[in-house]
2 protein chains.
Amino acid sequence: MRYALTVTYDGTQFGGWQIQKNARTVQEELEKAARTVFGCAVKMTGSGRTDAGVHAEGQVCHFDVETEIPAPKIAACLNLHLPDDVRVTASAQAEGFDATKGKQKTYRYTFYYATCELPLLSRYAVRVRRFPDVTAMREAARLYEGRHDYKAFCAAGSSAKTSERTVLNVNVVNTAYPDRIQFDLFVTGEGFLYNMVRIMAGELYEIGCGKPSGIEEAFATGRRDLLGKTMPSKGLTLVNVKYERSPFDMGSEGV
Amino acid sequence: MRYALTVTYDGTQFGGWQIQKNARTVQEELEKAARTVFGCAVKMTGSGRTDAGVHAEGQVCHFDVETEIPAPKIAACLNLHLPDDVRVTASAQAEGFDATKGKQKTYRYTFYYATCELPLLSRYAVRVRRFPDVTAMREAARLYEGRHDYKAFCAAGSSAKTSERTVLNVNVVNTAYPDRIQFDLFVTGEGFLYNMVRIMAGELYEIGCGKPSGIEEAFATGRRDLLGKTMPSKGLTLVNVKYERSPFDMGSEGV
């Protein structure tokens, strides 16, 4: 039988989602917990990788196993054997479901402006040293929307076949607090290249600081050097993954 | 010369504010940094203690030192020598100022309701297993306001002379997210007993779950057993401390 899970994790102590040598990974922790719960080896297939240090609120994966455990109870069974920084928030039976076939993913990149690092924020957000022009950031963000060649927004070493990607929506939400101003960049797309959201975030921030936009020329030329820095991984969170038919749409998802 | 600081810290790895044997404390880290910056021993006097595991956005302290460093630059100098989980957000000259004479303090207690622990929240918030009635919590919260004998809301071992305290304002703010409902309890008072906010939070939550309020009888009798459990320290954050005359009111406080 095939099952699907939604998974949340604090990426700080992980070398990313995908199993690899010499790094602790989320996939590995889930497979270890599944081996304990089901008594056999289980391979977890995620919607896609997340990089080292990236967090997730709603990663999705699937696996195949024969078990008597009712599907909605599998989440709680796995949670009993997972470390504190990973939790399965929902489990469902999912015949025919393939976690890799997500239609869209939403990421959030969080940065804040303050006079110094703020320890209560700095685990999940990145401090910037200049106060950006949010209107300029919002205007530039619209350039990302649509289908473009995102080759320039991709870290070296990517194995993707094509660098064309469709970005459906980009939004910058800013909130003023007594101690800082926080900027959340939300990016929804059909798929992303390696480091793409972190480079999109870095370019937007530099545009907010007065740099002329390199976005359109980077689309045309593929030149990485036209764009701002790649932002650190700890500010990035995979918010959710949507599917044409979600196994969680039938009320089994919990809160 | 006397100086004042505002300080933020992630309490997770601290045995609280006040220096003690066998525990890492915020005061100790600040005094170590100050010794490096000023080249002499400096005693930091906080607005009050915070317990082991409690966080702070705006703790305030004062100290005396002779230095050529301009007062607003002291924050950045100390930050260079502080560990990642403590930061000084502002420094100011403060003749005649006494950090222990705060007129009011505001604490926030954060809990959330979700089907499992959420790693991205659980460092600074406490998960509850039942969905409380927020209206009932808000109504009961008003009972706290005013001057009352909070003896029943105090952990054993407190050395306070009187257990009467004035609570100025209590508010319950709840926010629904896709994965949880979060409840922030804000409590502002002139002063608090040991564990008082954590016991106030525990009683309010149990009232939200249907327990009859024990608040009025606990005021009258001092009986701890009439009240709910003491909530864990990690959900508690000292938001700010206010003074009749704040050394930070003259625009030196930063963002």
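Higher on the page you've got the structure.
Right, let's walk through the structure included here. Starting afresh in each chain, residues are numbered from 1 along the sequence in its written order. Chain A is the first chain written and ligand 1 is the first ligand written, with later ones labelled in order. Local features in a predicted model are, by the rule used here, given only for residues with pLDDT of at least 70; side-chain atom pairs are given and counted only at 80 or more, and totals for whole chains, interfaces and linings are based on all residues. Side-chain calculation: all heavy atoms of the structure are included, whereas hydrogens and water are not.

1. Considerations on the overall build of chain A
Turning to step 1, where the next piece is worked out: Think of it this way: any DSSP run of H or I at least four residues long counts as a helix, any run of E at least two long counts as a strand, and we number them from the N terminus. Each helix and strand in chain A was counted, giving five helices and 10 strands.
Turning to step 2, where the next piece is worked out: Using C-alpha atoms as the atom set, the radius of gyration is obtained and then compared with a globule rule of 2.2 Å times the number of residues to the power 0.38. Relative to the globule expectation of 18 Å for 255 residues, the C-alpha radius of gyration of chain A, 19 Å, shows essentially globular dimensions.
Turning to step 3, where the next piece is worked out: With respect to the three principal axes, the spread of C-alpha positions in chain A is 60 × 40 × 40 Å.
Turning to step 4, where the next piece is worked out: Per-residue burial for chain A yields a buried fraction of 55% across its 255 residues.
Turning to step 5, where the next piece is worked out: What makes two residues a contact is simply this: any of their non-hydrogen atoms within 4.5 Å. Long-range pairs, those at least 24 residues apart, make up 70% of the contacts in chain A with a sequence separation of at least 6.
Turning to step 6, where the next piece is worked out: For the area figures, the Shrake-Rupley method with a 1.4 Å probe applies, and any residue is considered shielded solely by the protein chains shown. Here chain A has roughly 11,700 Å² of accessible surface; of this, 47% comes from carbon and sulfur atoms.
Turning to step 7, where the next piece is worked out: Computed over 32 positive and 30 negative side-chain charges, the separation of the two mean positions in chain A equals 3 Å. Note on classification: 1.4 Å probe, protein chains only; a residue is buried when its accessible area is under 20% of the maximum for its type, exposed when over 50%, partly exposed between these limits. Charge convention: Lys and Arg are scored as positive, Asp and Glu as negative, and His as well as the terminal groups of each chain are ignored. Here the site of a charge means NZ on Lys, CZ on Arg, CG on Asp, or CD on Glu.

2. Comments concerning the pairing of strand S10 (residues 236–242) of chain B
Residues and elements named next belong to chain B.
Turning to step 1, where the next piece is worked out: By the criterion of burial, S10 is predominantly enclosed, with five of the seven residues buried.
Turning to step 2, where the next piece is worked out: Being paired, for any two strands, means DSSP has found at least two bridges between them. Taken together, the two bridges between strand S3 (residues 55–64) and S10 define a ladder with parallel strand orientation. Considered in S10, the bridge of His55 is made with Thr237.
Turning to step 3, where the next piece is worked out: Across six bridges, strand S5 (residues 104–113) lies against S10 in antiparallel orientation. By the bridge assignment for S10, Gln104 is matched with Lys242.

3. Quick notes on the relation of the copies chain A and chain B
Turning to step 1, where the next piece is worked out: When chain A is fitted onto chain B, the two copies agree to an RMSD of 0.0 Å after a turn of 180 degrees and an axial shift of 0.0 Å. The transformation just described matches what one would write down for a two-fold rotation axis. Measuring from the rotation axis to each C-alpha of chain A, the shortest distance belongs to A:Arg123, at 5.1 Å.
Turning to step 2, where the next piece is worked out: In this assembly the copies share their binding face: 97% of the residues contributing to the interface of chain A also contribute to that of chain B. Copy-to-copy alignment: least squares on C-alpha atoms, limited to residues at pLDDT 70 or above in both.

4. As for the packing of aromatic side chains
Turning to step 1, where the next piece is worked out: Ring pairs shown here join Phe, Tyr and Trp side chains whose ring centres sit within 6.5 Å, with only the six-membered ring taken for Trp; geometry is labelled stacked below 30 degrees between planes, edge-to-face above 60, and tilted in between. Across all of its chains, the model carries 32 aromatic pairs over all chains by this definition.
Turning to step 2, where the next piece is worked out: Ring geometry for B:Phe111 against B:Phe183: centres 6.1 Å apart, planes inclined by 35 degrees, an arrangement best described as tilted. Of this pair, B:Phe111 sits in strand S5 while B:Phe183 sits in strand S9 (residues 181–189), placing them 72 residues apart in sequence.
Turning to step 3, where the next piece is worked out: Given a relative accessible area of 0%, B:Phe183 falls into the buried group.
Turning to step 4, where the next piece is worked out: Sitting over the ring of A:Tyr177, A:Arg180 keeps its end group 3.7 Å from the ring centre. In this scheme, the term charge over a ring applies when either NZ of a lysine or CZ of an arginine sits within 6 Å of the ring centre and within 35 degrees of the ring normal.

5. Some words on the environment of B:Gln13
Turning to step 1, where the next piece is worked out: Structurally, B:Gln13 can be placed in the loop between strand S1 (2–9) and helix H1 (26–38).
Turning to step 2, where the next piece is worked out: Not counting chain neighbours up to four residues away, the residues in contact with B:Gln13 comprise B:Arg24 and B:Asp85.

6. Focus on the packing of helix H3 (residues 134–144) of chain B against helix H4 (residues 196–208) of chain B
When two helices pack together, their arrangement is given by the angle between the helix axes and by the axis-to-axis distance.
All names here are of chain B.
Turning to step 1, where the next piece is worked out: Helix axes are fitted only over the stretch in contact, all axes being lines through C-alpha atoms; the angle between N-to-C directions runs from 0 to 180 degrees. Contact pair H3 / H4: the axes reach a minimum separation of 8 Å and the direction vectors enclose 140 degrees. Between H3 and H4 lies a crossing of right-handed hand. Mapping the contact onto sequence places Ala136, Met137, Ala140, Ala141 and Tyr144 in H3 and Ile199, Met200, Glu203, Leu204, Tyr205, Ile207 and Gly208 in H4.
Turning to step 2, where the next piece is worked out: Split by residue class, the contact of H3 with H4 holds 10 nonpolar, one polar and one charged. Handedness of a crossing is defined here by the sense of rotation of the near helix relative to the far one, left-handed for an anticlockwise turn of less than a right angle and right-handed for a clockwise turn. Side-chain classes are defined by residue name, with Ala, Val, Leu, Ile, Met, Phe, Trp, Tyr, Cys and Pro counting as nonpolar, Asp, Glu, Lys and Arg as charged, and the others, Gly among them, as polar.

7. Here we look at the interface of chain A and chain B
Turning to step 1, where the next piece is worked out: Contacts between the two partners involve 30 residues from chain A, matched on the other side by 29 residues from chain B.
Turning to step 2, where the next piece is worked out: Contact between chain A and chain B buries roughly 2,100 Å² in total, counting both sides, with carbon and sulfur atoms accounting for 69%.
Turning to step 3, where the next piece is worked out: Any Lys or Arg side-chain nitrogen located within 4 Å of an Asp or Glu carboxyl oxygen qualifies as a salt bridge. Across the chain A-chain B interface, the total number found is zero salt bridges.
Turning to step 4, where the next piece is worked out: Contacts described as polar in this section are N or O atom pairs within 3.5 Å, which, within protein, must combine one atom able to donate a hydrogen with one able to accept it, while residues neighboring in sequence count only if both atoms come from side chains. Run the count over chain A and chain B and you get zero residue pairs in polar contact (both at pLDDT 80 or more).
Turning to step 5, where the next piece is worked out: At the level of secondary structure, the elements contributing two or more residues to the side of chain A that touches chain B comprise strand S1 (2–9), strand S3 (55–64) and strand S4 (86–93) of chain A.
Turning to step 6, where the next piece is worked out: When residues in the side of chain A that touches chain B are grouped by element, the largest group, four residues, is from S4(A).
Turning to step 7, where the next piece is worked out: For the side of chain A that touches chain B, the class distribution of residues is 14 nonpolar, seven polar and nine charged. Two parts placed together each lose some accessible area under a 1.4 Å probe, and adding up what both lose gives the buried area.

8. Points about the side chain of A:Ser47
Residues and elements named next belong to chain A.
Turning to step 1, where the next piece is worked out: By secondary structure assignment, the location of Ser47 is in the loop between strand S2 (45–46) and S3.
Turning to step 2, where the next piece is worked out: Judged by relative accessible area, Ser47 falls into the buried class, the value being 9%.
Turning to step 3, where the next piece is worked out: Within the structure, the side chain of Ser47 is placed 2.5 Å from the side chain of Gln59, a separation counted as a polar contact.

9. Describing the pairing of S1(A)
Residue and element names in this part refer to chain A.
Turning to step 1, where the next piece is worked out: With seven of eight residues buried, S1 is to be regarded as a mostly interior element.
Turning to step 2, where the next piece is worked out: Alignment of S1 against S4, held across seven bridges, turns out to be antiparallel. Along S4, the bridge assignment pairs Val7 with Val88.

10. Thoughts on the pattern of salt bridges
Turning to step 1, where the next piece is worked out: In this structure the tally under the stated criterion is 28 salt bridges over all chains.
Turning to step 2, where the next piece is worked out: As a salt-bridge pair, A:Asp51 and A:Arg198 come within 3.8 Å of each other at their nearest N and O atoms. One end of the pair, A:Asp51, is in the loop between S2 and S3; the other, A:Arg198, is in helix H4 (residues 196–208), with 147 residues separating them in the sequence.
Turning to step 3, where the next piece is worked out: With its nearest N and O atoms 3.9 Å apart, the salt bridge here joins B:Arg223 to B:Glu217.
Turning to step 4, where the next piece is worked out: What you see here is one network of salt bridges that share partners, running through A:Arg24, A:Glu29, A:Lys32 and A:Asp85.

11. Some thoughts on the layout of surface pockets
Residue and element names in this part refer to chain A.
Turning to step 1, where the next piece is worked out: Cavity and pocket criteria rest on a 1 Å grid covering protein atoms alone: a 1.4 Å probe that fits but cannot get out defines a cavity, protein on both sides within 12 Å along at least 5 of 7 lines defines an open pocket, and an atom within 4 Å of a point defines a lining residue. Grid points are joined across faces, edges and corners, and a volume is the space filled by probe spheres set on the points. If you add up the space inside the second largest pocket, you get close to 1,200 Å³.
Turning to step 2, where the next piece is worked out: As for the second largest pocket, its lining consists of 39 residues, of which Gly48, Arg49, Lys105, Phe192 and Tyr194 are closest to the centre.
Turning to step 3, where the next piece is worked out: Listed by contribution, the elements that provide at least two residues to the lining of the second largest pocket are S2, strand S5 (104–113) and H4.
Turning to step 4, where the next piece is worked out: Among the residues forming the lining of the second largest pocket, the class breakdown is 13 nonpolar, 18 polar and eight charged.

12. Examining the state of the cysteines
Turning to step 1, where the next piece is worked out: By convention in this document, the label disulfide applies to cysteine sulfur atom pairs within 2.5 Å. Applying the stated criterion across every chain, the model contains zero disulfides over all chains.
Turning to step 2, where the next piece is worked out: Among the cysteines around A:Cys61, which has no disulfide bond, B:Cys116 carries the closest sulfur, lying 13 Å off.
Turning to step 3, where the next piece is worked out: This cysteine, B:Cys77, is not joined by any disulfide, and A:Cys116 carries the nearest cysteine sulfur, 13 Å off.

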